[in-house]
Amino acid sequence: MFTVDPKSSLPIYEQLVAQIIRAIARGLLRSGEQMPSVRELAGNLLVNPNTVSRAYQELESRDFIVTMRGKGSFISDLPLEQVKQAAIQNHIQTLCTVADELSISNEDLYKLIIQTREDSSC
């Protein structure tokens with residue numbers, strides 16, 4: 001379900017965090033569902049277990065998962081809208097940063113977003 005790109009400028013643990021949040025937002029991972037163990041996921045992805053552990057810690061600090069000592073990590077019961085917003089937040093932040101660098105007003109940015117969605121049949 002998850003993949004990593006070691007050539008990406010985004011650290012592997014951040015890639016995992018983003019993919020897991022998107023999987024929750026898309027309904028691929030549901031509230032109460034158990035996540036793979038750190039060792040299992042690290043083995044599947046051929047990454048250091050510390051990397052997966054860091055991703056899980058980040059997800060837990062943001063309330064996406066709950067870890068029970070001796071039992072594992074489970075998807076928490078966050079409202080779906082909150083998860084969806086989190087899944088797109090980094091992209092929006094990047095978009096806003098680029099718009100600021102290019103001196104694109106909020107109104108023009110909004111128009112571009114609407115036009116792009118209409119043109120691409122999102």
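Scoring rules and cut-offs
- Residues numbered from 1 in each chain as written.
- Predicted model: local features only at pLDDT ≥ 70, side-chain atom pairs only at ≥ 80, totals over all residues.
- Heavy atoms only, no water.
- Axes fitted to C-alpha atoms, helices over the stretch in contact; angles between N-to-C directions.
- Helix = DSSP H or I, 4+ residues; strand = E, 2+ residues; numbered from the N terminus.
- Parallel < 35°, antiparallel > 145°, perpendicular 65-115°, else oblique.
- Left-handed = near helix turned anticlockwise from the far one by under 90°.
- Contact = heavy atoms within 4.5 Å.
- Core = buried A, V, L, I, M, F, W, Y, C linked by side-chain atoms within 4.5 Å.
- Buried < 20%, exposed > 50% of the residue type's maximum accessible area, 1.4 Å probe, protein only.

A. View of the packing of helix α2 (residues 38-45) against helix α3 (residues 49-61). Where α2 meets α3, the closest approach of the two axes is 8 Å, and the angle between their N-to-C directions is 120°. Taken as axis vectors, α2 and α3 run oblique relative to one another. As α2 runs across α3, the sense of the crossing is right-handed. Contacts from Val 38, Leu 41 and Ala 42 of α2 reach α3 at Pro 49, Val 52, Ser 53 and Tyr 56.

B. Representation of the nonpolar core in the model. Membership of the largest hydrophobic core comes to 25 residues, with the highest contact counts inside it found for Phe 2, Ile 20, Ile 21, Leu 29, Tyr 56 and Leu 59. Elements supplying a minimum of two residues to this core: α1 (12-25), α2, α3 and α4 (80-101). Per-element accounting of this core gives the leading share, eight residues, to α1. Excluding its chain neighbours within four sequence positions, the residues that come into contact with Tyr 56 are Ile 20, Met 35, Pro 36, Ser 37, Val 38, Leu 41, Ile 65 and Ser 73.

C. View of unusual backbone geometry. Of note in the backbone geometry, Asp 63 takes a positive phi value of approximately 70° without being a glycine. Among the secondary structure elements, Asp 63 is positioned in the loop between α3 and β1 (65-68). Classification of Asp 63 as partly exposed rests on a relative accessible area of 47%. Not every positive phi belongs to a glycine, and Ser 103 is a case in point at roughly 55°. Among the secondary structure elements, Ser 103 is positioned in the loop between α4 and α5 (106-120).

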